[in-house]
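# Observations on the three-dimensional arrangement
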Amino acid sequence: MSSNKPVLVTAATGRQGGATARALLAEGSASVRVMVRNPDAPAARALAAAGAEVVVGDLDDPASLRAACAGARAVFSMQSPILTAAGVDYSKERQQGKSLVEAALAEGVETFVHTATSGVGDHRNVEGWAEGRWKDREEYWENKLATCELVRHAGFAHWTIILPATFMDHPMLDPAGFADGRRMVTVFRLDLPMGLIAPEDVGKASAAAILDPARFAGVTLQLAGDLLTLPQIVEILARIDGKDYVVQSGTIEEAVAAGLHPAVAGGLMYMNVAPVLARPEIARSFGLSLMSFETWARQQRGMV
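Residues numbered from 1 in each chain as written. Predicted model: local features only at pLDDT ≥ 70, side-chain atom pairs only at ≥ 80, totals over all residues. Heavy atoms only, no water.

Our focus in this paragraph is the overall build of the protein. If you tally the helices and strands in the protein, you get 12 helices and 14 strands. Against the globule reference of 19 Å for 304 residues, the protein gives a C-alpha radius of gyration of 20 Å, in line with a compact fold. When its C-alpha atoms are laid out on the principal axes, the protein stretches across 55 × 45 × 40 Å. Counting across all 304 residues of the protein, residues that qualify as buried make up 49%. (Helix = DSSP H or I, 4+ residues; strand = E, 2+ residues; numbered from the N terminus. Rg over C-alpha atoms; globule rule 2.2 N^0.38 Å. Buried < 20%, exposed > 50% of the residue type's maximum accessible area, 1.4 Å probe, protein only.)

Another aspect to go through is the packing of aromatic side chains. Per the counting criterion, the structure on display carries seven aromatic pairs. Taking the centre distance of 5.2 Å and the plane angle of 90 degrees together, the rings of Tyr140 and Trp141 count as edge-to-face. Take Tyr140 and Trp141: they sit in the same class, and that class is buried. Ring plane angle 20 degrees and centroid distance 5.4 Å describe the contact between Phe216 and Phe286, whose orientation is recorded as stacked. Remark: Phe286 occurs in the loop between helix H11 (280-285) and helix H12 (293-300) and Phe216 occurs in helix H7 (residues 213-216); sequence separation between them is 70 residues. Through successive ring pairs, a cluster of aromatic residues spans Trp134, Tyr140, Trp141 and Tyr270. A cation over a ring is seen here: Arg15 above Phe167, with NZ or CZ 4.0 Å from the ring centre. (Phe/Tyr/Trp six-rings, centres within 6.5 Å; stacked < 30°, edge-to-face > 60°. Lys NZ or Arg CZ within 6 Å of the ring centre and 35° of its normal.)

Between helix H4 (residues 93-106) and helix H5 (residues 138-153), whose axes approach to 9 Å, the crossing angle comes to 10 degrees. Relative to H5, the element H4 lies roughly parallel. Two secondary-structure elements touch here, H4 through Glu93, Arg94, Gly97, Lys98 and Val101 and H5 through Glu142, Asn143, Lys144, Ala146, Thr147, Leu150 and Val151. Its residues placed into classes, the contact of H4 with H5 shows four nonpolar, three polar and five charged. (Axes fitted to C-alpha atoms, helices over the stretch in contact; angles between N-to-C directions. Parallel < 35°, antiparallel > 145°, perpendicular 65-115°, else oblique. Contact = heavy atoms within 4.5 Å. Nonpolar A, V, L, I, M, F, W, Y, C, P; charged D, E, K, R; others polar.)

With that settled, consider the environment of Asp89. Position of Asp89 among the secondary structure elements: in strand S6 (residues 87-89). The residues touching Asp89, leaving out its near neighbours within four places in the chain, are Pro81, Ile82 and Thr84. Of note is the side chain of Asp89, whose polar atom sits 2.6 Å from the side chain of Ser91. (Polar contact = N/O pair within 3.5 Å; in protein donor to acceptor, adjacent residues only side chain to side chain.)

Now for the pairing of strand S2 (residues 30-36). Most of S2 is tucked away, with six of its seven residues classed as buried. Bridge count for S2 against strand S3 (residues 53-56) is four bridges, and the pairing is parallel. Across the sheet, Val36 pairs through a bridge with Val56, a residue of S3. For the crossover from S2 across helix H2 (residues 42-49) to S3, the handedness is right-handed. (Pairing = 2+ DSSP bridges. Right-handed = clockwise from strand over helix to strand, strands pointing away.)

In this section: the layout of surface pockets. Over the atoms rolls a probe the size of a water molecule, and in doing so it shows where empty space is left. By volume, the second largest pocket is sized at about 490 Å³. Along its surface, the second largest pocket is lined by 20 residues, and Ala11, Thr13, Arg37, Leu59 and Gln96 are the ones closest to its centre. Looking at side-chain class alone, the lining of the second largest pocket contains nine nonpolar, seven polar and four charged residues. (1 Å grid on protein atoms, 1.4 Å probe; cavity = no way out; pocket = protein on both sides within 12 Å on 5 of 7 lines; lining within 4 Å. Points joined across faces, edges and corners; volume = space filled by probe spheres on them.)

Residue placement: Asp201 occurs in helix H6 (residues 199-211). Although buried, Asp201 forms no salt bridge, and the nearest oppositely charged side chain, Lys204, lies 4.8 Å from it. Residues within four places of Asp201 in sequence aside, it is in contact with Leu223, Leu290 and Met291. (Lys, Arg positive; Asp, Glu negative; His and termini not counted. Salt bridge = Lys/Arg side-chain N within 4 Å of Asp/Glu carboxyl O.)

We now examine empty space enclosed by the protein. Overall, the coordinates contain one cavity of 30 Å³ or more when judged by the stated rule. Its boundaries defined by the atoms lining it, the largest cavity holds a volume of some 40 Å³. Within the residue set of the lining of the largest cavity, elements represented by two or more residues are strand S7 (111-115) and H5. Looking at side-chain class alone, the lining of the largest cavity contains one nonpolar, five polar and two charged residues.

Any functional reading would require information beyond the geometric quantities listed.
This is the structure we're talking about:
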């Protein structure tokens, strides 16, 4: 599908937005407009050099969103809580999503592709949710759900929601952070599979939804390129690196003492009881060919 109207990619210097912009630029049939806060940032300059139109905007500035959306046929949307030295600030995410949706509607954007997190919308059914066991995670999930619901009911001609699984570049999966250089210490159950997605493949899926909006219209896509247990992940890493890596599941205190971030530990405890919804066969059913964890890990090491 080709059009002179540009595709607007927000969060373009971030992981998912950047991957989406690069995927669209590589495909070549769409004019790509990227919204950034600092056009002189290296990531913004790289996108400009690759052929993107760079516009300055901020998710907290509705007027800049209207300007960025003007004349666009599609928008890529992603918001996240803000990490600060004091912790995690959830106060802006919901309003940012609302402002972008309203700007896109006001400017007549037809296609809206939004990414959140696998499990959004199903989180209320997770064991212990109704009893308040996951109260500390409620704001995270409810903010994500609010924006997803807003997108679904906003009135766009085509909308798609992409819910990525755990990113393959998550620090907990990086051997550089293993205790003693060899031990992954976790609280995640060793018999449970974990959905995994390469960051670049989120961009690939988002670009596909933007370029073929009729095929992906009204789709909530649980996105994973692989499904592996932690022992399987560690075995792959050990084989690739030629190292004797091992994985141990223990208490939160043991995992944090070994270097696991407390917030990550809490998230993994939640994942121990949450269903695995993102599976590779779902992506394949939409014609998406995504990377396995081994392919991704080899690529990161320059082996592919």
